[in-house]
Amino acid sequence: MLIPVMLGVTFLVYFIISLTPGDAAAMILGNGATEESIKELREEMGFNDPTIVQYANYMKDLLTGDMGTSYSTGKSVAGEIGQRFPNTFKLTFSAIFIAILISIPIGVISATKQYSIFDNAGMIFALIGISMPSFWTGLMLIIAFSLNLGWFPSSGMDGIRSLILPAFTLAIASTASITRTTRSSMLEVVRQDYINTAKAKGVSKKDVIRKHALRNALIPAVTVIGLEFGILLGGAVLTETVFSWPGIGRLMVESIQRKDTPMVLGCVIVFAVAFSVVNLIVDILYAYIDPRIKANYN
Amino acid sequence: MSQKHENENIKGIMDIKKRSQWADIWHHFKKNKAAIVGMMLIVLFVCLALFAPLIGDYQDDALKMNIRERLQSPSADHWFGTDEFGRDIFIRIVYGTRISLFVGIISVSIALSIGGFLGSIAGYYGGKIDNAIMRVLDVILAIPAILLAITIVAALGASIINLMIAIGIANIPGFARVVRAAILSVKDQEYIEAAKAIGAKDHTIILKHVLPNSMAPIIVFSTLKVATAIMATASLSFIGLGVQPPTPEWGSMLAGGRAYIRDYMYIVLYPGLAIVLSVLSLNLIGDGLRDALDPKLK
């Protein structure tokens, strides 16, 4: 399933990007170029071919790891993205790690103590959390922790201290929505008969929650974590811009401003592939969490 | 039990029965305090948008630069202070409300009409048509929505119209899925069969019988999506791909004020709060509607 979707995604993105107005050949050569040389380059680069032929050529190169060369720097797109990818990876994975670490316990406690003060406060924070745009949260965190308190640097990538603010910024919205999902699926599970059975058997309260309730409630939570990852990748574009974090998101924004089409195309494709791969991993994780799914395949 | 008491009881039961579906929803909705707060906030935002000219003149107060009054702190004259060009931040936020609500509603309408059309056909006819439509939409879903919107605006150029198109298109698959699911849940009901039996045409059945009865989840989803669209508008404008300065838009106000956060944090504080409050109130309404439409889920 992954391969046809990926083919579709690359085609869609290629098609959208090809709608960009303006003459790419003229752009590469810059202002001083003659009519003649622009024409020549256009022919050489295959810009006169129909979009579908250009796409086929692009895909042929892509399969060998070649994503073309940047219009503005002349460097290899794949090389540049390869250099930046680990930074985005570091940022998004720290964010999802923080989000899971905070949200699952809060979600579970909220559900087991429904309508308590803790639950209400948690849900209010979660609602505000999903309503805050990441770039604004980032600016507020910079004002508080970097400009006023001076605890963390406000931009750049220099050791673990510079990772903390962007990672938290990116994590807030996901923390909120994973908390909400964990809480509501826990609430659903604790009303099931098998929970009563376990309690009646004399299983301790802690074990009922951990072994019987949580494992079943985690299935929807894992789905949301997968979906959140897509939102995180989108959020990375903004967070990286706010914190001048040298990742693919910032590279993409800069490339759009410079009208560097091959670079933009490469960034979007890498994002889409990363998102699809994460969702594939989520599907595999299901089988581990829920033996019923594995049983279906055997 | 006295006769009178019994009569009252019967009357009570009759009242419940007499209430229409919408009155019933309102009855549940208004018990939800958070949702009512959200409703009041949105009414306030709509009033600000409608009566903006009474608060300040668009040309003179929201656009015209006034360098002598630049970077003033909040005061009686300028409630939220002035920005780097001496413009009143409060008045610019008020005019920004118009853009946010407008883009939010129009882009959701685009997504709802196209996604709704595709989803209805897929859900109603099923089989190969369903499969074909949903597989194509899966491809779009494989690209995180905000990234897709960024890509579309990058290709088409930054303007309010392109922004609405981009956010609209990015949301088509979500709406198609929700409408399809809603239709699947009612299409096998007896009254649909009855309509078919008396020879009603397919489009009459879909528009008059199926859709009105599957409205609930669609309304909830639309409300929540207007919130996401407002956030997306601000996000894209923040990275320079949406509404362009000097037009007052919350996200581009944040981008403009970023350079001054060290000494004038209110430049980024208030436009951000406007985003948070509008998104939060729509989320509260959406949650309230969901609970009101399906009390089981509570």
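Residues numbered from 1 in each chain as written. Chains lettered and ligands numbered in written order. Predicted model: local features only at pLDDT ≥ 70, side-chain atom pairs only at ≥ 80, totals over all residues.

(A) Spotlight on the overall build of chain B. Along its length, chain B carries 15 helices and zero strands. Oriented by its inertia axes, the alpha-carbon framework of chain B measures out at about 75 × 60 × 30 Å. Relative to its 298 residues, chain B shows a buried fraction of 47%. Considering only intrachain contacts with a sequence separation of at least 6, the fraction spanning at least 24 residues in chain B is 68%. (Helix = DSSP H or I, 4+ residues; strand = E, 2+ residues; numbered from the N terminus. Buried ≥ 20, exposed ≤ 12 C-beta atoms within 10 Å, placed from the backbone. Contact = placed C-beta atoms within 7 Å.)

(B) Molecular detail of the overall build of chain A. The secondary structure content of chain A amounts to 13 helices and zero strands. Going from N to C terminus, chain A has its helices and strands arranged as α-α-α-α-α-α-α-α-α-α-α-α-α. Over its C-alpha atoms, taken along the principal directions, chain A stretches across nearly 85 × 60 × 30 Å. Taking all 298 residues of chain A together, 40% fall into the buried category. When contacts within chain A are restricted to residue pairs at least 6 apart in sequence, those whose partners lie at least 24 apart make up 71%.

(C) The domain arrangement of chain A, seen in detail. Residues and elements named next belong to chain A. Here the domain parsing of chain A yields domain 1 (2-63) and domain 2 (78-297). Put simply, the middle of domain 1 and the middle of domain 2, counted by C-alpha atoms, are 36 Å apart. On the side of domain 2, ten residues touch domain 1, which itself brings eleven residues to the contact. Every element with two or more residues in the side of domain 1 that touches domain 2 is listed here: α1 (2-18) and α2 (24-29). Broken down by element, the residue count for the side of domain 1 that touches domain 2 peaks at eight residues, all from α1. Tallied by class, residues from the side of domain 1 that touches domain 2 come to nine nonpolar, two polar and no charged. (Domains from an automatic or database assignment. Nonpolar A, V, L, I, M, F, W, Y, C, P; charged D, E, K, R; others polar.)

(D) Region of the structure containing helix α6 (residues 89-125) of chain B. Residue and element names in this part refer to chain B. An ideal rise of 1.5 Å per residue puts 54 Å on 37 residues; α6 measures up with 52 Å between its terminal C-alpha atoms. Summarising burial for α6: 27 of the 37 residues are buried, a large majority. At the exit of α6 stands G126, carrying a positive phi of roughly 65°. (Expected span 1.5 Å × (residues − 1).)

(E) Representation of the interface of chain A and chain B in the model. Counting residues at the interface gives 37 residues for chain A, matched by 35 residues for chain B. Looking at the side of chain A that touches chain B, the elements with two or more residues in it are α1, α6 (117-131), α7 (134-148), α10 (205-242), α11 (248-257) and α12 (261-289) of chain A. The residue makeup of the side of chain A that touches chain B, split by class, is 29 nonpolar, eight polar and no charged.

(F) Local environment of α1(A). In this model, α1(A) (17 residues) spans 24 Å end to end at C-alpha, consistent with the 24 Å of a helix rising 1.5 Å per residue. Residues V9(A), T10(A), V13(A) and I16(A) constitute the buried set of α1(A). Viewed along the axis of α1(A), the buried residues span an arc of 135°, placing them on a single side of the element. Residues of α1(A) that are exposed and angled more than 90 degrees away from the buried face: I3(A), P4(A) and L7(A). Against α4 (51-63) and α12 of chain A together with α7 (127-141) and α8 (145-156) of chain B lie the buried residues of α1(A). (Arc of directions from axis to C-beta.)

(G) Highlighting the packing of helix α5 (residues 77-112) of chain A against α12(A). Residues and elements named next belong to chain A. Interhelical geometry of α5 versus α12 gives an angle of 45° and a closest axis separation of 10 Å. When the axes of α5 and α12 are compared, the pair comes out oblique. For the element pair α5 and α12, the recorded crossing hand is right-handed. Of the residues in α12, those touching α5 at V77, A78, E80, I81 and F85 are P262, M263, G266, C267 and V270. (Axes fitted to C-alpha atoms, helices over the stretch in contact; angles between N-to-C directions. Parallel < 35°, antiparallel > 145°, perpendicular 65-115°, else oblique. Left-handed = near helix turned anticlockwise from the far one by under 90°.)

(H) Structural view of the confidence of the model for chain B. The pLDDT averaged across chain B works out to 85; a share of 92% of its residues lies at or above 70. This complex was scored by the predictor with a pTM of 0.87 and an ipTM of 0.85. (pLDDT = per-residue confidence, 0-100.)

(I) Representation of the packing of α5(A) against α10(A). All names here are of chain A. Following both chains from N to C, one finds α5 and α10 inclined at 145°, their axes separated by 10 Å at the closest point. Here the hand of the crossing between α5 and α10 comes out right-handed. Touching T88, L91, T92, A95, I96, I100, I104, V108 and T112 of α5 are I209, L214, A221, I225, F229, L232, L233 and A236, all from α10. Residue composition of the contact of α5 with α10, grouped by class: 14 nonpolar, three polar and no charged.

(J) Quick look at unusual backbone geometry. The amide bond that connects P245(B) to the next residue, P246(B), takes the cis arrangement and shows omega of 10°. The topology assignment puts P246(B) in the loop between α13 (215-238) and α14 (250-257). Phi is positive for S244(A), which is not a glycine, with a value near 45°. Within the fold, S244(A) resides in the loop between α10 and α11. With a phi close to 55°, K259(A) is a non-glycine residue in the positive phi region. Following the sequence through the fold, K259(A) ends up in the loop between α11 and α12.

(K) Seen up close, the environment of V222(A). Residue and element names in this part refer to chain A. For V222, the location among the structural elements is in helix α10. Exposure remark for V222: the 20 C-beta atoms within 10 Å place this residue in the buried category. As for V222 and M186, which are separated by 36 residues in sequence, their C-alpha atoms are 13 Å apart.

(L) Molecular detail of the environment of G79(A). Examined against the element boundaries, G79(A) turns out to sit in helix α5. Classification of G79(A) by C-beta neighbours within 10 Å gives partly exposed; the count is 13.

(M) Just the environment of D60(B), in detail. With respect to the element layout, D60(B) can be found in helix α5 (residues 58-63). Remark: the alpha-carbon pair of D60(B) and R180(B), spanning 120 residues in sequence, is separated by 49 Å.

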